[in-house]
Amino acid sequence: MQDIQNYIDGKLVAPSRGKYRENMEPATGMPWSRVPESSAMDVDSAVTAAKKAFPDWSAMPAEERAHWLSRLADSIDRHAEKLAEAETRDTGKPIRLARDVEIPRAARNFRFYAAAATQFFSESHAMENDAINYTLRQPLGVVGCISPWNLPLYLFTWKVAPALAAGNCVVSKPSEVTPMTAYLFSEICRDIDFPAGVLNVVHGTGLSVGVPLVEHANIKAVSFTGGTRTGADIAARAAPRFKKLSLELGGKNPNIIFADCDWETMLATTLRSSFSNQGQICLCGSRIYVESKVYERFVAELVQRAKAMRIGDPMEDATEQGAVVSQQQHEKILGCITSAREDGGEIHCGGEPVTVAGRCENGWFIAPTVITGLGPDCRTNQEEIFGPVVTVTPFESEDEVLQLANGTEYGLAASIWSQNISRCHRLAKGIESGLVWVNTWMLRDLRTPMGGMKQSGMGREGGFDSMRFFTEAKNVCIKY
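Owing to the predicted nature of the structure, the values given are computational and were not obtained by experimental measurement.

Rules used throughout
- Residues numbered from 1 in each chain as written.
- Predicted model: local features only at pLDDT ≥ 70, side-chain atom pairs only at ≥ 80, totals over all residues.
- Heavy atoms only, no water.
- Phe/Tyr/Trp six-rings, centres within 6.5 Å; stacked < 30°, edge-to-face > 60°.
- Lys NZ or Arg CZ within 6 Å of the ring centre and 35° of its normal.
- 1 Å grid on protein atoms, 1.4 Å probe; cavity = no way out; pocket = protein on both sides within 12 Å on 5 of 7 lines; lining within 4 Å.
- Points joined across faces, edges and corners; volume = space filled by probe spheres on them.
- Helix = DSSP H or I, 4+ residues; strand = E, 2+ residues; numbered from the N terminus.
- Nonpolar A, V, L, I, M, F, W, Y, C, P; charged D, E, K, R; others polar.
- Pairing = 2+ DSSP bridges.
- Contact = heavy atoms within 4.5 Å.
- Axes fitted to C-alpha atoms, helices over the stretch in contact; angles between N-to-C directions.
- Salt bridge = Lys/Arg side-chain N within 4 Å of Asp/Glu carboxyl O.
- Buried < 20%, exposed > 50% of the residue type's maximum accessible area, 1.4 Å probe, protein only.

Chemist: In this structure, what is going on with the packing of aromatic side chains? I would like to understand it.
Modeler: The geometry of an aromatic ring pair is captured by the separation of the ring centres together with the interplanar angle, meaning the angle of the planes. Throughout the structure, instances matching the rule amount to 13 aromatic pairs. An aromatic cluster is defined as three or more aromatic residues linked by ring pairs; in this entry it consists of Trp 57, Trp 68 and Phe 194. Geometry around Trp 263 places Arg 297 over its ring, the cationic atom sitting 4.0 Å from the centre. Over the ring of Phe 258 we find Arg 423; its NZ or CZ atom is 4.0 Å from the centre of that ring.

What follows is the structure in structure tokens.
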């Protein structure tokens, strides 16, 4: 079993207290590596290294910073297969998803922000009384990036890349549940002699690493993706210290389907938006609303396709549904399905654990689950499950479905399926979500803002929004 190490000041080092915890492989239910149980001492060492590196990194010409980010992207590509295999073992997701989507996106994140580093601009405003204002955008200093377990390297790089491009130094805390690709990325940084102290990776739990990172006096901003409850705790700790915050939190996303949609495209995409990564993507559409005239047809065809999905060893190319990330998540999802049954929900498929023969017989697998017959206010339709579970509900009118779509405390993403472009525009305007897809799902332009409303977070990531978050604006007014 491999011992994962922290990456501090350009070196791979053991945690200061010498403590580790087992890192489990979801598909087998067995440990396959050990992750550090780091402490505030390790966080402080990382912050000290980052603070020391900041003057040189922030003063480095943007073209040179871009060069380093491009080298990181190239190294991810060279090690893509190793990273994909590690991501699959760590998370339980199908190898095809890691290989075709997530690892390539991690490289794209660095290439995008390498370009952004050289294109970032500020504003100037000429005044009528012989004066001009211009804005300086300066890096904050040392920033904290806390990434989640569901898309580990993808979202790790989504935060780290813009912070580095803007001239900051970073202390990153990956999820302790899926730490392996962040560790392998640390090896990449070491192997290309990435400037010491500019990026530091400290492994551990939220209590042992996350709290001291958020509360550290020299951390100027925190970017976090994860659960709403954790986000609220981070906000409570950061606010009295006047730190900048970007929080991308939970979702209970509506998928709205009208009878006039492109049926085959909608159905294939809805299957993906419901069950991709075992439903463990914050953008998955877990509440499906279907116009009543096609409701029964939709339920029948979605259930047929969900039943046909191949559940198996995630390391096999043919697998479409892998394991959920942990035993705790497995038990939580099954508990939510039990709650749905108790509230009168009808389970059309799934709703139960699945045993996969061979090496995965003790893994944490759950069949794709489709539920109908639940009201809008039940727990299943109000609380984020984060698993392969969707509810389907009929609607009669635009007004009704808009009220249903907005009827939770979340507001992260939504999908609309219709060929009536006026209707799509009306609904897109009225839906309380930070991101709205029309006749598609998960089609992402990295230049656009990404983030949620209500309890789905605050702030925006993506494009120059991320660059602005990781910089401080300073206005200079000159009278001439």
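Chemist: I'm lost on empty space enclosed by the protein in this one. Help?
Modeler: Over the atoms rolls a probe the size of a water molecule, and in doing so it shows where empty space is left. Going through the model one piece at a time under the given rule, you end up with 6 cavities of 30 Å³ or more. The calculated volume of the largest cavity comes to roughly 130 Å³. Forming the boundary of the largest cavity are Arg 105, Leu 151, Tyr 154, Leu 155, Trp 158, Glu 248, Ile 281, Cys 282, Leu 283, Met 442, Arg 444 and Met 450. The greatest single-element share of the lining of the largest cavity, amounting to 3 residues, is contributed by helix 5 (residues 152-165). Residues belonging to the lining of the largest cavity are distributed by class as follows: 9 nonpolar, no polar and 3 charged. Quantified by volume, the second largest cavity comes out at close to 90 Å³. If you go around the second largest cavity, you meet 15 residues; those closest to its centre are Gly 279, Ile 281, Cys 284, Ser 286 and Phe 386. Of the residues that constitute the lining of the second largest cavity, the class distribution is 7 nonpolar, 6 polar and 2 charged.

Chemist: Would you mind showing me how to read the sheet that holds strand 4 (residues 20-25) here?
Modeler: To summarise the sheet geometry, strands pair through backbone hydrogen bonds and adopt either a parallel or an antiparallel arrangement. Strands sit in the order 1-5-4 across an open sheet of 3 strands; the sheet is mixed. In this open sheet, the two strands that pair with only one neighbour each are strand 1 (2-3) and strand 4. Pairing of strand 4 with strand 5 (residues 30-36), which is carried by 6 bridges, proceeds in the antiparallel orientation. The partner of Tyr 20 across the bridge, within strand 5, is Pro 36. Those strands touched by helix 3 (residues 80-91) are strand 4 and strand 5, and its axis lies near 95° from that of strand 4.

Chemist: I tried to follow the pattern of salt bridges on my own but got confused; where do I start?
Modeler: Where side chains of opposite charge bring their charged atoms close, a pairing between them can arise. Evaluation of the coordinates by the stated rule reveals 26 salt bridges. Put simply, Lys 173 and Glu 176 hold a salt bridge, and the shortest N to O gap is 3.1 Å. As far as burial versus exposure is concerned, Lys 173 and Glu 176 are alike and both buried. Its salt-bridge partner being Asp 313, residue Arg 359 comes within 2.7 Å of it at the nearest N-O pair. Remark: Asp 313 occurs in the loop between helix 10 (295-308) and helix 11 (327-342) and Arg 359 occurs in the loop between strand 16 (353-354) and strand 17 (365-366); sequence separation between them is 46 residues. Through salt bridges with shared partners, a single network forms among Glu 25, Arg 89, Asp 313 and Arg 359.

Chemist: Even after reading the chapter, I still don't get unusual backbone geometry, so can you show me in this structure?
Modeler: Working note: non-glycine residues mostly have negative phi, and peptide bonds are mostly trans. Within the chain, Asp 193 stands out as a residue other than glycine whose phi angle is a positive 60°. Its place among the elements puts Asp 193 in the loop between helix 6 (180-191) and strand 10 (199-201). Here the phi dihedral of Gln 278 falls at roughly 60°; this positive angle occurs in a residue that is not glycine. The topology assignment puts Gln 278 in the loop between helix 9 (263-275) and strand 14 (287-291). Classification of Gln 278 by relative accessible area gives buried; the value is 0%.

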